[in-house]
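Reading the structure
The primary structure of each chain is shown beneath.
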Amino acid sequence: MTAHEYSLLESYLAIPNSANAPLVDYVFFCEAISQIFTDKSLEKNPTKTLSAFKAPSILDPKQVLSEDEERALDSLLQRLGTHVRHHRLLIKPFF
């Protein structure tokens, strides 16, 4: 995460206090993370079927590439693929 993303997360989870010490709502944070992987009521209903987590999209469906941009992107991806194959690079960890 970038420093800006950390500061946004910190401001989202901030708890106001009188001592002016920077506090965050750690319980809320943990519950929000847990909701991605499981359900809180699963202990009471162990046969419940969980749905797959669907991450919100950051892509704007109104933003599409022009034909020139599509060609440039395709050319770039072809060159990248060729470079990766010729140099036997393992690029999967970067994604």
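Parameters and conventions
Position labels on residues start from 1 in each chain and follow its written sequence. Per-residue local features of the predicted model are confined to residues with pLDDT of at least 70, and side-chain atom pairs are confined, for both listing and counting, to 80 or more; whole-chain, interface and lining totals are unaffected and use all residues. Based on all heavy atoms of the structure, the side-chain values leave hydrogens and waters out of the count. Values of pLDDT, ranging from 0 to 100, describe the predictor's confidence in every residue of the model. Secondary structure elements are taken from DSSP: a helix is a run of H or I of four residues or more, a strand is a run of E of two residues or more, and numbering for both begins at the N terminus. Basic side-chain nitrogens of Lys or Arg form a salt bridge, by our definition, when they fall within 4 Å of a carboxyl oxygen of Asp or Glu. To count toward a patch, a residue needs a relative accessible area over 30% and no salt bridge; like charges are then connected within 9 Å, while nonpolar side chains (Val, Leu, Ile, Met, Phe, Trp, Tyr) are connected within 5 Å. In short, Shrake-Rupley with a 1.4 Å probe defines the accessible areas, and a residue's cover is counted only from the protein chains shown. Accessibility here uses a 1.4 Å probe with only protein chains present; expressed as a share of the type maximum, an area under 20% marks a residue as buried, one over 50% as exposed, and anything in between as partly exposed. Here a helix's expected span is defined as the number of its residues, less one, multiplied by 1.5 Å. Only the six-membered ring of Trp is used, alongside the rings of Phe and Tyr, when aromatic pairs are assigned; centres must lie within 6.5 Å, and planes under 30 degrees apart are stacked while those over 60 apart are edge-to-face, with the rest tilted.

Here we take up the confidence of the model for the chain. Averaged over every residue, the pLDDT of the chain is 85; residues scoring 70 or more account for 100%. Considering each helix and strand of the chain separately, the mean pLDDT is smallest for strand β2 (residues 23-24), with a value of 86, and largest for helix α3 (residues 67-87), with 93.

This next bit is on the pattern of salt bridges. Under the counting rule described, the total for this entry stands at 4 salt bridges. Put simply, Arg71 and Glu67 hold a salt bridge, and the shortest N to O gap is 3.8 Å. Of this pair, Arg71 and Glu67 both sit in helix α3, separated by 4 residues, roughly a single helical turn.

Structurally, the position occupied by Met1 is in the segment before α1 (3-13). Placed 91 residues apart in sequence, Met1 and Lys92 show a C-alpha to C-alpha distance of 19 Å.

This paragraph deals with a nonpolar patch on the surface. Taken together, Met1, Tyr6, Leu9, Tyr12 and Phe28 make up a surface patch of nonpolar side chains, about 570 Å² in accessible area. Ranked by the residues each element gives to the nonpolar patch, the list is headed by α1, at 3 residues. Along the chain, Phe28 falls in helix α2 (residues 26-37).

Let us look at the environment of Thr38. The topology assignment puts Thr38 in the loop between α2 and α3. Residue class for Thr38 comes out partly exposed when judged on its relative accessible area of 37%. Counting along the chain gives 15 residues from Thr38 to Phe53, while the straight-line C-alpha distance between them is 9.4 Å.

A few words now on α3. Helix length check: α3 (21 residues) gives 30 Å between terminal C-alpha atoms against 30 Å at 1.5 Å per residue, within 8%. After α3 finishes, the residue Arg88 shows a positive phi value of roughly 50°.

On to the packing of aromatic side chains, then. Aromatic rings considered in pairs are described by the distance between their centres and by the relative angle of their planes. Counting across every chain of the model gives 2 aromatic pairs. Ring plane angle 50° and centroid distance 6.1 Å describe the contact between Tyr12 and Phe28, whose orientation is recorded as tilted. Taken together, the residues Tyr12 in helix α1 and Phe28 in helix α2 connect sequence positions 16 residues apart. We classify Tyr12 as exposed; its relative accessible area is 58%.

Moving on: the environment of Phe94. Secondary-structure assignment places Phe94 in the segment after α3. Sequence spacing of Phe94 and Glu69 is 25 residues, and the spatial spacing of their C-alpha atoms is 24 Å.

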